[in-house]
Amino acid sequence: MAGGDSPAETKKGSSKTSKNTKDSSKESTLKQKSPAEFFAENKNIAGFDNPGKSLYTTVRELVENALDSSESISELPEVEVTIEEIGKSKFNSMIGLIDRERVDTKLYDDYETDKAREKRLVKEARASEIQAKNLASGKKNKEPGVSKVLKARGEASYYKVTCKDNGKGMPHDDIPNMFGRVLSGTKYGLKQTRGKFGLGAKMALIWSKMSTGLPIEISSSMKSQNYVTFCRLDIDIHRNIPHIHLHEKKANKEKWHGAEIQVVIEGNWTTYRSKILHYMRQMAVITPYAQFLFRFISETPEKNVTVKFTRRTDVMPPIPIETKHHPSSVDLLLIKRLVTDTSKKTLLQFLQNEFVNINKNLAARLIGEMGPDFSPGMAVKSVTSQQMVRIHQLFRQAKFDDPSGDCLSPAGEYNLRLGIIKELHPDMVATHSGSAQVFEGHPFIVEAGVSVGGRDVKQGINIFRFANRIPLLFEQGGDVVTRTALKRINWNSYKINQTQDKIGVFVSIVSTKIPFKGTGKEYIGDDISEIATAVKSAIQQCCIQLKSKIVKRLQAREQQERKRSLSRYIPDATGAVYEVLKQMTEEHTKKRKRYKEEETAMLEKVSKLIITKETLKEKLAEHVEQVDYEMALEYATQSGVSEEPRENIYLQQLNPNHSNFIDLQSPTFVFRLIL
């Protein structure tokens with residue numbers, strides 16, 4: 001068949017085409033991941049980089065949830081955190097495994113050959129010999145190196161983490177989804193929140209599922225409920241749904257309200273012990289109205305740790321308020337979602353009610369600027385994608401009033417100052433709370449405190465960072481607070497020695513959107529000029545206050561030095577004056593020289609021993625004391641303090657039954673009037 005294909009070739013080509021179609025069909029098959037599966041595979045994003053960091057992050061998430069729960073009902077928080085070490089035998093019994101001795105020791109990762117053991121022992125003996133020689137000669141020994149005997153990779157450490165609070169509690173039917181479904185919760189509105197990802201205890205459950213396979217246990221009761229909900233569940237990671245083991249109601253005989261969460265995870269207490277304790281201490285600084293009890297229970301009782309951070313005030317910050325979006329902060333996707341979700345009918349009502357700082361008059365002006373295709377009465381649901389782009393463009397170009405900071409809830413100068421004094425016991429402290437400012441349409445407030453001296457504070461600059469009232473402990477180097485404190489503040493100009501003084505720099509930033517950097521959201525970038533300027537200004541205001549105190553303290557010290565110097569010369573001056581008086585008395589007695597009447601009377605007292613060397617010494621000491629007292633009184637008057645010495649006192653918590661009162665607050669004290 002000229003110019004055509006043979007039947008065989010046609011069949012072969014047809015078969016090949018069919019095969020290619022099947023292959024392409026297989027290649028084009030799409031796979032989906034659930035949110036839980038995504039975070040399980042990328043757990044480092046949520047702070048679960050390794051077992052030690054996972055233990056720290058679990059504690060942090062549970063504590064912050066507990067504080068949010070208590071504050072949501074204006075209850076003074078009481079949070080108990082317990083980390084219990086679980087040995088291998090106990091863990092195996094929890095999951096139903098029987099301990100088994102090793103049979104083939106060479107199979108294990110920590111197996112050590114005879115040659116390797118001999119080499120290690122020789123090296124250790126040599127190191128011990130060198131240390132003994134150094135000790136005998138008075139030389140300082142280096143820190144001993146880590147032993148080469150490795151712990152087997154399979155020998156993980158397990159811990160039971162329990163967190164109990166006196167908060168709001170959770171509705172019985174909502175508990176499974178609140179813990180077993182990722183990206184579902186109550187904190188996704190636009191407001192100041194402690195959380196970073198909205199995962200909370202869900203990520204701890206995912207880590208528990210990955211490392212131990214054990215479920216999480218939740219006990220919860222709401223106020224005025226006569227029952228306690230108990231729920232044991234884990235999560236189906238691939239389907240992102242809870243797997244409920246037990247969900248029941250128990251009698252609430254103690255009338256308790258709050259939540260108790262218990263989860264067993266793989267962790268590393270040894271490497272992250274200091275981080276967890278630092279976190280608890282800094283949380284006590286920024287929330288002095290809360291009471292924390294932290295316990296670590298080890299298999300070895302000598303290693304147990306119990307730390308209690310006592311409440312020092314019952315003044316709580318206001319509850320953060322959910323707010324609407326500022327026009328300059330929205331993007332195209334958000335505009336589309338707001339249009340889809342709005343209950344308003346017309347475009348005018350939509351602009352007026354779904355955004356802050358757009359009143360009816362401004363909304364009408366904006367619609368007029370959008371073009372002839374827009375009208376105030378047009379149905380908002382009929383807005384096309386192209387028209388949404390026009391709205392977005394106008395929002396980016398138009399001028400709007402800045403949003404207010406009324407929706408924010410900073411710690412407050414009083415609480416920040418009290419927290420610093422309570423935990424660090426500094427010699428001096430100054431605090432400052434800035435006014436609300438704006439970046440990219442989001443309001444923010446910067447509060448700062450600077451302390452000098454204190455307990456457990458190292459020499460130099462010690463930086464404490466807080467974002468939405470939670471401590472930031474990692475990736476400090478790139479943070480705006482660190483760079484500002486180290487590079488942009490001239491400490492010497494404020495009479496503060498940057499290297500020798502014990503300086504504490506505390507900066508708390510609250511906002512509806514914290515501009516975190518990095519996947520772990522552990523630091524705030526230095527590239528937002530509005531925040532960098534506000535941080536520098538807040539620290540400088542604290543330094544100005546401290547400079548005034550330091551200068552007055554230096555003046556008082558100089559006065560003391562002058563008094564000490566004068567007192568040192570009293571004996572010599574007294575002796576010299578008395579010798580002169582004796583000589584004058586002799587001359588007067590022999591009538592060699594005449595003196596005035598007043599001088600004659602004084603010389604007679606000298607001759608009659610009414611005035612002696614000792615009386616002169618006493619009078620001169622009294623004069624020095626009087627001059628010093630007058631100078632000290634003048635200093636105290638200028639400083640605005642009383643003559644009497646002062647000491648720090650803490651008022652006891654008021655009876656919670658007193659509910660009728662008025663608070664009059666200032667940066668340094670709270671006066672409560674009971675009605």
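The present account deals with the structure reproduced in this document. This one's a predicted model, so the numbers in the text were calculated from it and none came from an experiment.

### Description of the pattern of salt bridges
Inference 1: All chains considered together, the criterion is met by 21 salt bridges.
Inference 2: For E71, the salt bridge goes to R469, with nearest N and O atoms at 2.9 Å. Taken together, the residues E71 in helix 3 (residues 51-71) and R469 in the loop between strand 12 (460-467) and strand 13 (470-472) connect sequence positions 398 residues apart.
Inference 3: Accessibility expressed as a relative area gives 3% for R469, which makes it buried.
Inference 4: Here E78 ties to R311 by a salt bridge, and the two come within 3.9 Å at their closest N and O atoms. Taken together, the residues span a long stretch of sequence, with E78 in strand 1 (residues 78-86) and R311 in the loop between strand 8 (305-309) and helix 9 (332-341) at a distance of 233 residues.
Inference 5: For R311, a relative accessible area of 12% translates into the label buried.
Inference 6: Here the salt bridges share partners, and the residues they tie into one network are R60, E61, E64 and E522.

### Here we look at the packing of aromatic side chains
Inference 1: Evaluated as defined, the whole model comprises 13 aromatic pairs.
Inference 2: Ring geometry for F464 and F506: centres 4.4 Å apart, planes at 5°, overall stacked. Of this pair, F464 sits in strand 12 while F506 sits in strand 14 (residues 502-511), placing them 42 residues apart in sequence.
Inference 3: Looking at F464, the relative accessible area reads 13%, which means it is buried.
Inference 4: A connected cluster of aromatic rings, assembled from ring pairs, spans Y56, Y272, Y279 and F474.
Inference 5: Lying across the ring of W256, K164 places its NZ or CZ 5.5 Å from the centre.

### A short note on the sheet that holds strand 7 (residues 291-297)
Within a beta sheet, neighbouring strands are joined by backbone hydrogen bonds and run either parallel or antiparallel to one another.
Inference 1: With respect to topology, 8 strands assemble into an open sheet ordered 5-4-3-6-2-1-7-8, the strand pairing being mixed. The outermost strands of the open sheet, each flanked by one partner alone, are strand 5 (241-251) and strand 8. Across the sheet, the mean angle separating the axes of adjacent strands is 15° when strand polarity is ignored.
Inference 2: Two elements, strand 1 and strand 7, share 7 bridges in a ladder whose sense is parallel.

### Overview of a nonpolar patch on the surface
Inference 1: Among the surface-exposed residues, M94, I95 and L97 lie close enough to one another that they form a single nonpolar patch of about 240 Å² accessible area.
Inference 2: Along the chain, M94 turns up in helix 4 (residues 88-95).

### Things to note about the environment of A538
Inference 1: The topology assignment puts A538 in helix 15 (residues 529-568).
Inference 2: When the C-alpha positions of A538 and G449 are compared, they lie 8.2 Å apart, and in sequence the two are 89 residues distant.

### Focus on the nonpolar core
Inference 1: In terms of nonpolar packing, the biggest core is built from 67 residues, with I83, F179, W269, F292 and F294 touching the most fellow members.
Inference 2: There are two domains that each give this core at least three residues, and those are domain 1 (35-93 + 155-309) and domain 3 (413-542).
Inference 3: Discounting chain neighbours no more than four positions away, the residues touching I83 are L55, V59, Y159, K160, W269, I276, F294, R295, F296 and I297.
Inference 4: V450, A485, Y494 and A534 belong to the second largest nonpolar core, which has 37 residues in total.

### Some thoughts on the pairing of strand 2 (residues 157-164)
Inference 1: Counting buried residues in strand 2 gives 6 out of 8 residues, a clear majority hidden from the surface.
Inference 2: Pairing between strand 1 and strand 2: 7 bridges, direction antiparallel. When the sheet's bridge partners are listed, T82 is paired in strand 2 with T162.
Inference 3: Relative to strand 6 (residues 258-267), strand 2 is paired through 8 bridges, and the arrangement is antiparallel. Counterpart to T162 in the pairing with strand 6 is Q262.

Reading the values: rules and limits
- Residues numbered from 1 in each chain as written.
- Predicted model: local features only at pLDDT ≥ 70, side-chain atom pairs only at ≥ 80, totals over all residues.
- Heavy atoms only, no water.
- Salt bridge = Lys/Arg side-chain N within 4 Å of Asp/Glu carboxyl O.
- Helix = DSSP H or I, 4+ residues; strand = E, 2+ residues; numbered from the N terminus.
- Buried < 20%, exposed > 50% of the residue type's maximum accessible area, 1.4 Å probe, protein only.
- Phe/Tyr/Trp six-rings, centres within 6.5 Å; stacked < 30°, edge-to-face > 60°.
- Lys NZ or Arg CZ within 6 Å of the ring centre and 35° of its normal.
- Pairing = 2+ DSSP bridges.
- Axes fitted to C-alpha atoms, helices over the stretch in contact; angles between N-to-C directions.
- Patch = residues over 30% accessible without salt bridge, like charges linked within 9 Å, V, L, I, M, F, W, Y side chains within 5 Å.
- Areas by Shrake-Rupley, 256 points an atom, 1.4 Å probe, with all protein chains shown as cover.
- Core = buried A, V, L, I, M, F, W, Y, C linked by side-chain atoms within 4.5 Å.
- Domains from an automatic or database assignment.
- Contact = heavy atoms within 4.5 Å.

Purely spatial values, then, with no claim about function.
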